[in-house]
Amino acid sequence: MTGDQPCPLSVMQAAYSAWLESRHVPDPALQRALNQYAARRDPPLVLVGSVDGRLSSRLARWVTRYRSAHNDVPVFVHHFGAGRHGRRPQVVLRRLLAWIRDTYALREPVPATPAAAGEVLPNWLARAAAAGRLVLVLDGLDDQEGLMDDSGPDWLPAFVPDNLRLVVTMRPGPAAEAMRQRGWRLEYVDEPHADDPGDSLVRLPAGQADMVCALWAARNGLASDDVQELGLDAGVPGSLVYHAGPRLCLAGSAVQDAAARRLMPDGLDRQAWHALLARWYREKLPDDAALTELVWQLTEAGDWTSLARLLTDPESLGPLLRPTARETLLDAWMAWGADRELVDYYVQAAGHWSSLSGPEFVRLGLELLGALRQLGLDEGLEPLFRGIMARDRNAAVCSAYGAWLLDQQRPDEAKPLLADAVEGLGGPHGDAPALRTARHRLAMALEHQGHLDEAEALYRSALEGREAVHGAKHVELLPHLNNLAAVKKARQDYEGARLLYQRALSLAERHYGQRHPTTAACLDNLAGLLYAGQDLAAAEDLYQRALGVAETAFGPHHPATAASAHNLGTVMDAREQFQAAESLFRRAVEIRERVLGTDHMDTASSLHNLAGALDAMGRYDQAEPLYRRALSTWEHLLGREHPATATTANNLADLLREKGEWEEAEALYRRNLDTWTRLLGDKHPHAVMTRAELAALHADRNDLDAAEPLLRQALEETREVMGAGHPQHIACVTRLAALLRDTGRRADAAALLQQALKRAEGTLGLMAPAVQKLRRHLDALDVASDRLH
């Protein structure tokens, strides 16, 4: 054991590529075809042939030449045959995201879990492609661990942006044909049949066969010193191995699979080799490189008892929590079972770390909490936080605990901790990274509590700090501009928010261009503000642009495209262009049901809006089942007493009232009235509006004795809570006036309308739509009507 760090995956990839090139057989036709593909905007190219053989060699040669001729074009290459570890989808995905982050200077960390990493990949690819052409090469895609379904690997998006050239090699078979179903282009490359390396392996002398088994079990191959210490025979033929620096590795997935199949046919044999290497690496402790290899070997061996002891021992856990080793630790946790039981296990283990000093316990505890939270393991962490707080209530501890409480929707408890963190880090004005983080979290807590003035002051301080460092036109300002704009929007300072959102959009367009996902997000922010301020034409234009970016960056079937279509549909609905809204909402529903599923909040939101558009066009029979589906989803996901559930229930009640289905409509209104009263109070606008709708229902069903007192109550409440010019108050006036007229009290109806008209004219002006509506009703008092308005 040399004591050096394990061979990085990128080093193995480069060495394997060089080994492939050394076996290169010239093929000018393939080189020209690849050059032509890279220069065009075509679907991903799948070359079908002998992976690990001549095809991979020729591809490796082309990559070298292409990089030399196009040094301005970023090229990512992953050979699945370089090593067993690199055949795991989560490893490939993590490596690709790290390459994108480093190449394009992205600020976000690579997500730790495969699900989260797969979720961000389309966005990161789109951001990379917005900067210009790039090439991704995946050699031997069908050699990834785990079976692919009929549409190919689930981690690899079917849609790729225009500037991305994706070249894949695969063996002939169903997996390759599945890629055609994605719309990718398949090219079969004629090659001689490759020999089975298993025939060579079984003829090896025993010492060399053991060497192959050890290389199979090693994560990153074995260094020459390791081979000598293990007493292995390094004389394995060069067709079976390649060198990655001082390390020897099995060459290609065919050799790796043949070694397992022919030399270790029993799973217990493979576990035994992992266990042997684990014992050997344990002898090298406390070397950090040996520690990470030991964790990997124990995981592969399935020795969970030894792994548990190792991963809860502070002497080994500390080094594994460092950035250079954390990836190995997280992988071991995920294999072990990253769930609440893991959290509880560490809570119990921390109680036995009595040998640690106070500062050591705090440092290890915070790093452990950070790692667990990387995997989304938030439940059950509070005992660890409290244990750390008992040792030292410093700024770092307060910031971390406050952030966790904030994520648990406990802002009242988070605020004092975050305030202490900000104070302990020097006060609200400054630009140190730890202070920036704590200040941002404190501002979020204040927003949650409704203390918008204080939140705005902190967001402004953060923006000013970044401006002092970077100037007024740096892209680093984007999140700070958006944060400040959002709190101004919440305060209904629409003009102040508009200036900030416009500034953010200008920075994004200047730095990223018109077709970048970040630019689309800025367009969405500004459009949402304009929509809230009723500048619907301008909002429509911005949402149209955002939808165009989403379609270009993510394709027609991505959730981001669905979100853009949904947003644009909302504006078209508000503009009463209901057919256009219907089309957009149907598109959003279709995408979201396919990608997110029917039992998802975004799907329910689009179903609700689609039902609303159909409802507005009088297509009640089509709208009703959609409202009911949305209501069922809200109830399942959020419960009966949630604002989203109540909103859909109210719309369904309105529709049923229009259809004359009074009993169910009344039941829904009364249910909603109870919900709004409990959630928001008896005088909240939602509660007041629901009472007004309930009054209108009694009027509609000609239950005048019940309707009149309810309408009078609604009349007073809407004027008091919403104002004399609010549409809901005007509706109550006209309904009550119609009831008075139809019960022979025409003079009372006229007096009511005249009084409301006088108030509205003073508030809204003579030409306001509400004023005109009241005047029409006053003029039409003598006209018979079979319906209240």
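Scoring rules and cut-offs
Residues numbered from 1 in each chain as written. Predicted model: local features only at pLDDT ≥ 70, side-chain atom pairs only at ≥ 80, totals over all residues. Heavy atoms only, no water. Helix = DSSP H or I, 4+ residues; strand = E, 2+ residues; numbered from the N terminus. Contact = heavy atoms within 4.5 Å. Areas by Shrake-Rupley, 256 points an atom, 1.4 Å probe, with all protein chains shown as cover. Lys, Arg positive; Asp, Glu negative; His and termini not counted. Charge placed at Lys NZ, Arg CZ, Asp CG, Glu CD. Pairing = 2+ DSSP bridges. Axes fitted to C-alpha atoms, helices over the stretch in contact; angles between N-to-C directions. Phe/Tyr/Trp six-rings, centres within 6.5 Å; stacked < 30°, edge-to-face > 60°. Buried < 20%, exposed > 50% of the residue type's maximum accessible area, 1.4 Å probe, protein only. Salt bridge = Lys/Arg side-chain N within 4 Å of Asp/Glu carboxyl O. Left-handed = near helix turned anticlockwise from the far one by under 90°. Core = buried A, V, L, I, M, F, W, Y, C linked by side-chain atoms within 4.5 Å. Expected span 1.5 Å × (residues − 1). Arc of directions from axis to C-beta.

1. Let's talk about the overall build of the protein
Move 1: Helices and strands together make up the secondary structure of the protein, namely 37 helices and 8 strands.
Move 2: A separation threshold of at least 6 residues defines the contact pool for the protein, and within that pool the share at least 24 residues apart is 66%.
Move 3: A total accessible area of about 34400 Å² is found for the protein, and carbon and sulfur atoms account for 50% of it.
Move 4: For the protein, the distance from the average position of its 86 positive side-chain charges to the average position of its 106 negative side-chain charges is 4 Å.

2. What to know about the sheet that holds strand 5 (residues 185-188)
What holds strands together in a sheet is hydrogen bonding between their backbones, with the strands either parallel or antiparallel.
Move 1: Pairing is parallel in the open sheet, where 5 strands are placed in the order 2-3-4-1-5. Edge positions in the sheet fall to strand 2 (75-79) and strand 5, since each has one partner strand and no second. Adjacent strand axes in the sheet meet at a mean angle of 15° when their direction is disregarded.
Move 2: Strand direction decides the pairing type here: strand 1 (residues 45-48) and strand 4 (residues 164-170), joined by 4 bridges, are parallel. If you follow valine 46 over to strand 4, its bridge partner there is valine 168.
Move 3: Docked against the sheet, helix 4 (residues 89-104) engages strand 2 and strand 3 (134-139), running at close to 165° with respect to strand 2.

3. Section: the packing of aromatic side chains
Move 1: By the definition in use, this model includes 13 aromatic pairs.
Move 2: Note on phenylalanine 385 and tyrosine 401: the rings are 5.0 Å apart at their centroids and 10° apart in plane angle, and the pair reads as stacked. Placement of the pair is phenylalanine 385 in helix 18 (residues 382-391) and tyrosine 401 in helix 19 (residues 395-407), with a sequence separation of 16 residues.
Move 3: Take tyrosine 401: its relative accessible area is 8%, and that puts it in the buried class.

4. Thoughts on the pattern of salt bridges
Move 1: Under the counting rule described, the total for this entry stands at 69 salt bridges.
Move 2: The shortest N-O distance in the salt bridge between lysine 488 and glutamate 456 comes to 2.8 Å. Taken together, the residues lysine 488 in helix 23 (residues 478-490) and glutamate 456 in helix 22 (residues 452-470) connect sequence positions 32 residues apart. With respect to burial, lysine 488 and glutamate 456 carry one shared label: buried.

5. Overview of the packing of helix 19 against helix 21 (residues 433-449)
To characterise two packed helices, one gives the angle between the axes of the helices and the distance between these axes.
Move 1: Where helix 19 meets helix 21, the closest approach of the two axes is 10 Å, and the angle between their N-to-C directions is 35°. Both helix 19 and helix 21 take part in a crossing whose hand is left-handed. Listed contacts from helix 21 to Ser399, Ala400, Ala403 and Leu406 of helix 19 are Ala438, Arg441, Met444, Ala445 and His448.

6. A short note on the nonpolar core
Move 1: Counting 147 residues, the largest nonpolar core has Leu222, Leu311, Trp333, Trp353 and Leu368 as its most contacted members.
Move 2: Counting residues per element, this core draws most heavily on helix 8 (residues 206-217), at 8 residues.
Move 3: The contact partners of tryptophan 333, leaving out residues within four places of it in the chain, are Leu311, Ala338, Leu342, Tyr346, Leu368, Ala371, Leu372 and Leu375.

7. A look at unusual backbone geometry
Move 1: Residue proline 286 is bonded to the preceding leucine 285 through a cis peptide linkage, with omega at 15°.
Move 2: In this structure, proline 286 sits in the loop between helix 11 (267-282) and helix 12 (288-301).
Move 3: A positive phi angle is found at alanine 105, which is not glycine, with a value near 55°.
Move 4: Its location among the elements puts alanine 105 in the loop between helix 4 and helix 5 (114-130).
Move 5: Residue alanine 105 is classed as exposed on the basis of its relative accessible area, which comes to 64%.
Move 6: In the Ramachandran plot, glutamine 534 falls in the positive-phi region, its phi being about 70° despite a non-glycine side chain.
Move 7: Residue glutamine 534 is classed as exposed on the basis of its relative accessible area of 58%.

8. Examining the sheet that holds strand 8 (residues 247-250)
Move 1: Spatial ordering of the open sheet is given by 6-8-7, a layout of 3 strands whose pairing is antiparallel. Each edge of the open sheet is held by one strand with a lone partner, namely strand 6 (222-223) and strand 7 (241-244).
Move 2: Sheet topology note: the strand 6/strand 8 ladder contains 2 bridges and is antiparallel. Residue leucine 222 lies in a different strand from strand 8, and its bridge partner there is leucine 248.
Move 3: Together, strand 6, strand 7 and strand 8 form the strand contacts of helix 8, whose direction differs from that of strand 8 by roughly 90°.

9. Brief notes about helix 22
An α-helix turns once per 3.6 residues; consequently, residues spaced three or four apart project the same way.
Move 1: Its 19 residues place the ends of helix 22 27 Å apart at the C-alpha level, agreeing with the 27 Å of an ideal helix rising 1.5 Å per residue.
Move 2: Three or more residues of helix 22 are buried, namely Leu452, Ala455, Glu456, Leu458, Tyr459, Ser461, Ala462, Leu463, Gly465 and Arg466.
Move 3: Those residues of helix 22 that are buried lie in contact with helix 21, helix 23 and helix 24 (494-512).
Move 4: Within two residues after helix 22, glycine 471 carries a phi angle of roughly 90°, on the positive side.

10. Some thoughts on the pairing of strand 4
Move 1: Within strand 4, 7 of the 7 residues are buried, leaving the element largely enclosed by the surrounding structure.
Move 2: Neither face of strand 4 is exposed, since Leu164, Leu166, Val168 and Met170 on one face and Arg165, Val167 and Thr169 on the opposite face are all buried.
Move 3: Two strands pair when backbone bridges link them, and strand 3 and strand 4 are joined in this way by 6 bridges, in the parallel orientation. Across the sheet, the residue bridging to valine 135 is arginine 165, located in strand 4.

11. Some words on helix 2 (residues 28-39)
Move 1: Taking 1.5 Å per residue, 12 residues should reach 16 Å; helix 2 reaches 17 Å between its end C-alpha atoms and fits that length.
Move 2: Within helix 2 the residues assigned to the buried category are Leu30, Gln31, Leu34, Tyr37 and Ala38. Down the axis of helix 2, the sector holding all buried residues measures 125°, keeping them to one side. In this structure, helix 2 carries Pro28, Arg32 and Ala39 as exposed residues pointing more than 90 degrees from its buried face.
Move 3: The inward-facing, buried residues of helix 2 abut strand 1, helix 3 (54-69), strand 4 and strand 5.

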